[in-house]
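# Analysis of the macromolecular model
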Amino acid sequence: FYDEVEARKYTHNSRVVEIQAQMSERAVELLGLPEDRPCLLLDVGCGSGLSGDYISEEGHYWIGMDISPAMLDVAVEREVEGDLLLADVGHGIPFRPGMFDGCISISAVQWLCNADKKSHSPPKRLYRFFSTLYTALARGSRAVLQLYPENSEQLELITAQAMRAGFTGGMVVDYPNSAKAKKFFLCLFVGASGTLPKGLGTECADEEPRQAKFTNERTRFKNIKGKSVKKSRDWILEKKERRRRQGKEVRADTKYTGRKRRPRF
């Protein structure tokens, strides 16, 4: 967590402020909020209120949650317009059902995958967070959570717990082919499933938008009536393509893909 010195450094770093503003703008855009009225939003991991500043500029109201007292102290000094709550989101979202019109989070949710104490179980903490967040959001609203996953396993853990809590939606990946500009936004729907937005930088005629979609339905592999059989070349190609859409690194397809190796003597 940030101490008082680090919290001030973070907040006064012009590069950090610029990046936070850009990601907050993108997260609010993905929420798809109505333009004719102000909304009440939840900012998970609000820190010193940098993302909240953009929410206020857009004419919306917000409540921020963060586990760092030093960060919230800086937010109070900055006189941010939102209300602030010192809390660990791994313990749940302590608000009444249907209170918020949407939720954003910038660079915070991946920390729930860490076990900072012996009593911490990342899957349980993630499920507690997502299940209570689902309850606190109004039906038909969205949550957009920008995160920096360490690896594909962490990404799968986060999305699996969100799906288990009742959300539908998927991962929107902006600029998937860029090492620096690539950003992950977990776009979650409450209630009726909406259309997953397209990621920025994916407008290519021969390429599908790279988004990892998930729903409450399990898709089974196609049967043998002219379709792909498990472990066949078609099955392997389908699996590799699915992983590419999830933004994972996959080896290129060649004439050797799916070919059985000769037995060794």
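Below you will find a few notes about this structure. (Residues numbered from 1 in each chain as written. Predicted model: local features only at pLDDT ≥ 70, side-chain atom pairs only at ≥ 80, totals over all residues. Heavy atoms only, no water.)

## Comments concerning the overall build of the protein
Broken down by element type, the protein carries seven helices and eight strands. The buried share of the protein, reckoned over its 265 residues, is 44%. With the model as given, the accessible surface of the protein reaches about 15900 Å², and the carbon-plus-sulfur share is 50%. (Helix = DSSP H or I, 4+ residues; strand = E, 2+ residues; numbered from the N terminus. Buried < 20%, exposed > 50% of the residue type's maximum accessible area, 1.4 Å probe, protein only. Areas by Shrake-Rupley, 256 points an atom, 1.4 Å probe, with all protein chains shown as cover.)

## Some details on the pattern of salt bridges
One pass over the structure, following the stated rule, counts seven salt bridges. Note that Arg-15 and Glu-18 form a salt bridge whose closest N and O atoms lie 3.6 Å from each other. Here the residue Arg-15 and the residue Glu-18 both occupy positions in helix α2 (residues 14-31), the gap between them amounting to three residues, near one helical turn. On the accessibility criterion, Glu-18 (39% relative accessible area) is partly exposed. For the salt bridge of Asp-88 with Arg-125, the shortest nitrogen-to-oxygen distance reads 3.1 Å. (Salt bridge = Lys/Arg side-chain N within 4 Å of Asp/Glu carboxyl O.)

## A short note on the nonpolar core
Counting residues in each nonpolar core, the largest one holds 33 residues, and the members touching the most others are Phe-129, Phe-130, Leu-133, Leu-145 and Phe-167. Counting only elements with at least two residues in this core, the list comes to β1 (40-44), β2 (61-66), β4 (100-106), α5 (122-136), β5 (137-147), α6 (152-164), β6 (168-174) and β7 (183-189). In terms of residue count, the dominant contributor to this core is α5 (six residues). Discounting chain neighbours no more than four positions away, the residues touching Phe-130 are Val-109, Leu-145, Ile-158, Gln-161, Ala-162, Ala-165, Phe-167, Leu-186 and Leu-188. Judged by nonpolar contacts, the second largest core, of 23 residues, contains Leu-31, Val-80, Ile-104 and Ile-106. (Core = buried A, V, L, I, M, F, W, Y, C linked by side-chain atoms within 4.5 Å. Contact = heavy atoms within 4.5 Å.)

## As for the side chain of Ser-107
One can find Ser-107 in the loop between β4 and α5. Within the structure, Ser-107 has its side chain in polar contact with the side chain of Gln-146 (distance 2.8 Å). Sequence-distant contacts of Ser-107, defined by excluding residues within four places in its chain, comprise Met-23, Gln-146 and Tyr-148. (Polar contact = N/O pair within 3.5 Å; in protein donor to acceptor, adjacent residues only side chain to side chain.)

## Things to note about the environment of Tyr-148
Among the secondary structure elements, Tyr-148 is positioned in the loop between β5 and α6. Judged by relative accessible area, Tyr-148 falls into the partly exposed class, the value being 39%. Each C-alpha atom, one on Tyr-148 and one on Lys-182, is 9.8 Å from the other, the two residues being 34 residues apart in sequence. What Tyr-148 contacts, discounting residues up to four positions off in sequence, is Met-23, Ser-107, Gln-110, Gln-154 and Lys-183.

## Here we look at a positive patch on the surface
The grouping of Arg-233, Lys-255, Arg-259 and Arg-262 at the surface amounts to a positive patch. Inspection of the secondary structure assignment puts Lys-255 in the segment after α7 (233-245). (Patch = residues over 30% accessible without salt bridge, like charges linked within 9 Å, V, L, I, M, F, W, Y side chains within 5 Å. Lys, Arg positive; Asp, Glu negative; His and termini not counted. Charge placed at Lys NZ, Arg CZ, Asp CG, Glu CD.)

## Digging into the pairing of β2
Most of β2 sits out of view: five of its six residues are buried. In this structure, β1 lies alongside β2, joined through five bridges in parallel fashion. Each bridged residue has a counterpart across the sheet, and for Leu-41 the counterpart in β2 is Trp-62. Once you follow β1 into helix α3 (residues 50-57) and on to β2, the crossover reads as right-handed. As a crossover connection, the stretch from β2 through helix α4 (residues 69-77) into strand β3 (residues 83-86) is right-handed. (Pairing = 2+ DSSP bridges. Right-handed = clockwise from strand over helix to strand, strands pointing away.)

## Here's the deal with the packing of aromatic side chains
In this description, an aromatic ring pair is defined by two values, namely the gap between the centres and the angle between the planes. Under the definition given, this model contains four aromatic pairs. Between Phe-129 and Phe-130, the ring centres sit 5.0 Å apart and the planes meet at 55°, which makes this aromatic pair tilted. On the basis of relative accessibility, which here comes to 0%, the residue Phe-129 falls in the buried class. Given the relative accessible area of 0%, Phe-130 is considered buried. For the pair Tyr-134 and Phe-167, a centre-to-centre distance of 5.1 Å together with 80° between the ring planes defines the contact as edge-to-face. Of this pair, Tyr-134 sits in helix α5 while Phe-167 sits in the loop between α6 and β6, and the two are 33 residues apart along the sequence. Here Tyr-134 matches Phe-167 in class, with each residue buried. These aromatic residues form a ring-pair network of at least three members: Phe-129, Phe-130, Tyr-134 and Phe-167. Here the basic side chain of Arg-164 rests over the ring of Tyr-127, its NZ or CZ set 4.0 Å away from the ring centre. (Phe/Tyr/Trp six-rings, centres within 6.5 Å; stacked < 30°, edge-to-face > 60°. Lys NZ or Arg CZ within 6 Å of the ring centre and 35° of its normal.)

## Description of α6
Here α6 spans 18 Å end to end across 13 residues, near enough to the 18 Å set by a 1.5 Å rise per residue. Every buried residue belonging to α6 is among Gln-154, Leu-155, Ile-158, Thr-159, Gln-161 and Ala-162, and all of these are buried. Down the axis of α6, the smallest arc covering the buried residues is 160°, so these residues share one side. In this structure, α6 carries Glu-153 and Arg-164 as exposed residues pointing more than 90 degrees from its buried face. Two or three places before Glu-153, at the start of α6, stands the capping residue Asn-151, its side-chain oxygen 3.3 Å from that residue's backbone nitrogen. Downstream of α6 by one or two residues, Gly-166 has phi in the positive range, about 115°. (Expected span 1.5 Å × (residues − 1). Arc of directions from axis to C-beta.)

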